[in-house]
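# Coordinates in review
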Amino acid sequence: YLYIATGDGGGQSDPNDLAQDRTNYYGKILRINVDSGSPYSIPADNPYIGHGTYKEEIYAYGFRNPYRMSFDASTGKLWTGDVGQGTYEEIDIVTNNGNYGWSVKEGNSIFDNAQAVTIAAALGIDVNVFLNSLVSPVAEYDHTVGLSVIGGFVYRGNEIWSLNGKYIYGDWCTGDIWALTYSDIGNHSNMHLLT
């Protein structure tokens, strides 16, 4: 499959709420099968196949600017950095039908509570239920640390054993590089490698 990362289309704070709107391609991770169809087909387990209103190519949504995706060759997890706007940069593991929150949330923090209330009302659910359904980032950092996350790769090489299994990523503006140790039970740790 081909995975395609798209930003929210520009404009401060996603003024048209495109990242949360599943009727367009903005602020999404799309997934298509380039080995069948003309020019492609939709994988059978894409979340909106046959929906009729939502774009069938959508795999996950709610991103501001997912910059550089990669698969961990050992686990198959799909990683991306999502460039923030005003306060936070985030690292995400992308899952099928995950909503990563932009522009309701930036990182783990509320960015636009009014939008959260509007979306929850449209879905007919309590706003806290909606907020709890959003996928949290694996890691975040604020703009005192860096300004533009660049996603990297989970290192699976043989040259630097101390980095094996760690997600290596950086920041475009500062040049900093980190190694993130991920745990399924949530005990993540981050190690600064260089500036």
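Here, the structure is the one placed above.
In this text, all values refer to a predicted model and were calculated from it rather than measured experimentally. (Residues numbered from 1 in each chain as written. Predicted model: local features only at pLDDT ≥ 70, side-chain atom pairs only at ≥ 80, totals over all residues. Heavy atoms only, no water.)

This part takes up the packing of aromatic side chains. Across all of its chains, the model carries ten aromatic pairs by this definition. Here Trp102 and Phe111 contribute two aromatic rings whose centre-to-centre distance is 4.6 Å and whose plane-to-plane angle is 45°, an arrangement assigned as tilted. For Phe111, a relative accessible area of 29% translates into the label partly exposed. Here the aromatic rings of Tyr141 and Trp178 are separated by 4.9 Å at their centres, their planes lie at 40°, and the arrangement is tilted. (Phe/Tyr/Trp six-rings, centres within 6.5 Å; stacked < 30°, edge-to-face > 60°. Buried < 20%, exposed > 50% of the residue type's maximum accessible area, 1.4 Å probe, protein only.)

Sheet architecture is open: four strands sit in the order β4-β5-β6-β9, paired in antiparallel fashion. Looking along the sheet, the strands with just one partner apiece sit at the ends: β4 (66-71) and β9 (139-142). The sheet shows a mean angle of 15° between the axes of neighbouring strands, taken without regard to direction. Note: strand β6 (residues 88-94) against β9, four bridges, orientation antiparallel. Note that in β9 the partner of Tyr88 across the bridge is Asp142. (Pairing = 2+ DSSP bridges. Helix = DSSP H or I, 4+ residues; strand = E, 2+ residues; numbered from the N terminus. Axes fitted to C-alpha atoms, helices over the stretch in contact; angles between N-to-C directions.)

On to the sheet that holds strand β13 (residues 189-194), then. Pairing between the strands of a sheet is mediated by backbone hydrogen bonds and can be parallel or antiparallel. Strand order in the open sheet made by the four strands is β10-β11-β12-β13, with antiparallel pairing throughout. Of all the strands in the sheet, just β10 (149-154) and β13 have a single pairing partner and so form its edges. Neighbouring strand axes in the sheet, compared pairwise and without regard to direction, differ in orientation by 25° on average. Pairing analysis gives four bridges linking β10 to strand β11 (residues 167-171), with the strands arranged antiparallel. Each bridged residue has a counterpart across the sheet, and for Phe153 the counterpart in β11 is Ile168.

What follows concerns the nonpolar core. Trp79, Ile91, Val149, Tyr167, Tyr169 and Leu180 are the most contacted members of the largest nonpolar core, which totals 13 residues. Sequence-distant contacts of Ile91, defined by excluding residues within four places in its chain, comprise Trp79, Thr80, Gly81, Pro137, Val138, Ala139, Val149, Tyr167, Tyr169 and Leu180. (Core = buried A, V, L, I, M, F, W, Y, C linked by side-chain atoms within 4.5 Å. Contact = heavy atoms within 4.5 Å.)

This part is about the side chain of Arg22. Within the element layout of this structure, Arg22 appears in the loop between β1 (2-5) and β2 (28-32). No salt bridge is formed by the buried Arg22, whose closest oppositely charged neighbour, Asp21, lies at an N-O distance of 6.8 Å. (Lys, Arg positive; Asp, Glu negative; His and termini not counted. Salt bridge = Lys/Arg side-chain N within 4 Å of Asp/Glu carboxyl O.)

Further remarks concern helix α1 (residues 113-123). Side chains of residues three or four places apart in an α-helix project in the same direction, reflecting 3.6 residues per turn. Those residues of α1 lying buried are Gln115, Ala116, Ile119 and Ala120. Relative to the axis of α1, the buried residues are bounded by an arc of 130° and lie together on one face. In this structure, α1 carries Ala114, Thr118, Ala121 and Ala122 as exposed residues pointing more than 90 degrees from its buried face. Check the buried side of α1 and you find it contacts α2 (127-133). The opening residue of α1 is Asp112, an N-cap whose side-chain oxygen sits 3.3 Å from the backbone nitrogen of Ala114. Backbone geometry just downstream of α1 places Gly124 in the positive-phi region, at approximately 75°. (Arc of directions from axis to C-beta. Polar contact = N/O pair within 3.5 Å; in protein donor to acceptor, adjacent residues only side chain to side chain.)

This part is about a nonpolar patch on the surface. A cluster of nonpolar side chains, namely Leu2, Tyr25, Val34 and Tyr40, defines an oily patch on the protein surface of about 320 Å² accessible area. Checked against the element boundaries, Tyr25 lands in the loop between β1 and β2. (Patch = residues over 30% accessible without salt bridge, like charges linked within 9 Å, V, L, I, M, F, W, Y side chains within 5 Å. Areas by Shrake-Rupley, 256 points an atom, 1.4 Å probe, with all protein chains shown as cover.)

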